[in-house]
Amino acid sequence: MSTLKIKKCLSAALTYDTGKFAVAKNKTVGVLYRVFMLSVIGYLIGWVFVMKKGYQTREESIQSSVMTKVKGVVLINSSDTGLSLWGPEDYVIPPHGKASLFITTNFMETPNQKLGNCAESFKVPDGLCRDNDACQLGEAVTAGHGIKTGQCLKSGNDPGNGTCEIYGWCPTERSQEPHVPLLGKAENFTIYIKNFIRFPKFSFSKSNILETNDENYLKKCIYDEAAHPYCPIFRVGDIINKTGHRFQDIAQTGGVIGILIDWNCDLDKGSSHCQPRYTFTRLDVNSTVSSVTSGYNFRYSRHYKNADGQSYRTLFKVYGIRFDIMVNGKAGKFSIIPTLINIGSVTGLLTLVSMKCCYW
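Residues numbered from 1 in each chain as written. Predicted model: local features only at pLDDT ≥ 70, side-chain atom pairs only at ≥ 80, totals over all residues. Heavy atoms only, no water.

Asker: How would you sum up the packing of aromatic side chains? Please name residues and give values.
Answerer: Within the structure shown, the criterion is met by 14 aromatic pairs. When the centroid spacing of 5.5 Å and the interplanar angle of 40 degrees are considered together, the rings of phenylalanine 102 and tyrosine 296 count as tilted. Placement of phenylalanine 102 in strand S6 (residues 100-119) and of tyrosine 296 in the loop between strand S14 (276-282) and strand S15 (297-305) is noted, with a sequence separation of 194 residues between them. On the accessibility criterion, tyrosine 296 (24% relative accessible area) is partly exposed. One aromatic cluster is present, built from ring pairs that chain together Trp86, Phe107, Tyr300 and Phe316. (Phe/Tyr/Trp six-rings, centres within 6.5 Å; stacked < 30°, edge-to-face > 60°. Helix = DSSP H or I, 4+ residues; strand = E, 2+ residues; numbered from the N terminus. Buried < 20%, exposed > 50% of the residue type's maximum accessible area, 1.4 Å probe, protein only.)

In structure tokens:
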């Protein structure tokens, strides 16, 4: 390449050109130009910066830990065991608090079960029989309570039908549910939800415990959306009411309740403006699920030994409310990079508006 060409290339690279401006003395074009310009500036300030906080860098990968503690006692009068006092160690499962907990509100109790032979329940289809051929020795009863012994035990009321004899925990489980929830007063129990969150991008951590100098605050506050929106102690009955259901209805057969903790933090305003918002919903009932499949129950047993060393147990089928605590969150903080990007985008729109008006 010749020296002359090199000089021309360097001259072109180091030359700065400015555009030519044309003045259009047209009121219509002028008004349209100003309207468009103000619209673009309004979009930048109102929507991008005020509504969407486009001057901030955002983070939605929240790190969270949840611990719960339930308090409350209830006196139960059972036909099998008489009066008994139930505390959190009896009705909360698991006893150590997690992001999911279960509070017993009703139960069926089958006491003094011992290993032995007895008749399978008539409510188990695979346990029904007309003769011994239907009770194959050693075969487990599908969805039943034990292993078939090979004998068909006839009912005195209906000699044509019977149930297979089984080896299992006898007598088999009772099937008559209480007409009213045995722990109906559980609506007065309280759940203390302790939530710790962290936004790693900003090295910001916080808990849902209100920062206050009142040492007795947690001992006397109960969550109320208006009076105490930042109190982490919730009355069970109030939670159910906020889902649009009655506690006594859900306590009979159980249910699943979702507690959503939402953190929407503007870190430019300081830590005191980063507070949780709570919402509540029932998860086991909706427009596509029938009431037959709603509710929540499971079984567990307590094992003992008598004075002779023989094992026996009490079987519980418990109904209750499962609480699933879900935490969502996002945080934003000022950053020069998204600010310049959004300003540059709007500057480009202003240039486009100017060019459009010139064509007019």
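Asker: With reference to specific residues and values, describe a nonpolar patch on the surface.
Answerer: The grouping of Ile41, Tyr43, Ile45, Trp47, Val50 and Met51 at the surface amounts to a nonpolar patch, some 600 Å² of accessible area in total. If you trace the backbone, valine 50 turns up in helix H2 (residues 27-51). Valine 50 gets classed as exposed once you look at its relative accessible area, which sits at 51%. (Patch = residues over 30% accessible without salt bridge, like charges linked within 9 Å, V, L, I, M, F, W, Y side chains within 5 Å. Areas by Shrake-Rupley, 256 points an atom, 1.4 Å probe, with all protein chains shown as cover. Salt bridge = Lys/Arg side-chain N within 4 Å of Asp/Glu carboxyl O.)

Asker: Residue-level account of the side chain of asparagine 195, with values.
Answerer: If you trace the backbone, asparagine 195 turns up in strand S10 (residues 190-199). Among the polar contacts listed, one links the side chain of asparagine 195 to the backbone oxygen of serine 65, at a separation of 3.0 Å. Ignoring anything within four residues of it in the chain, the contact list for asparagine 195 reads Ser64, Ser65, Val66, Lys206, Ser207, Asn208, Ile261, Trp263 and Val327. (Polar contact = N/O pair within 3.5 Å; in protein donor to acceptor, adjacent residues only side chain to side chain. Contact = heavy atoms within 4.5 Å.)

Asker: Account for the state of the cysteines, naming residues and giving values.
Answerer: What the rule picks out here adds up to five disulfides. Between the sulfur atoms of cysteine 118 and its disulfide mate cysteine 170 the distance is 2.1 Å. Across the S-S bond linking cysteine 118 and cysteine 170, the dihedral sits near -75 degrees, which makes this disulfide left-handed. With cysteine 118 in strand S6 and cysteine 170 in strand S9 (residues 162-170), this pair connects stretches of sequence that are 52 residues apart. There is no split in this pair, since cysteine 118 and cysteine 170 are both buried. Put simply, cysteine 221 and cysteine 231 are joined by a disulfide, and their sulfur atoms are 2.0 Å apart. Measuring the twist about the S-S bond at about 75 degrees, one finds the cysteine 221-cysteine 231 disulfide to be right-handed. Here cysteine 221, found in the loop between helix H4 (217-220) and strand S12 (233-235), pairs with cysteine 231, found in the loop between H4 and S12; they are 10 residues apart in sequence, far enough to count as distant. (Disulfide = S-S within 2.5 Å.)

Asker: So what's going on with the pairing of strand S11 (residues 204-207)? Which residues, and what values?
Answerer: Bridge count for S10 against S11 is four bridges, and the pairing is antiparallel. By the bridge assignment, phenylalanine 196 is partnered in S11 with serine 207. Between S10 and S11, which pair antiparallel one after the other, the connecting turn spans four residues, and serine 203 there sits at a positive phi close to 50 degrees. (Pairing = 2+ DSSP bridges.)

The quantities given are spatial measurements derived from coordinates; they are silent on function.
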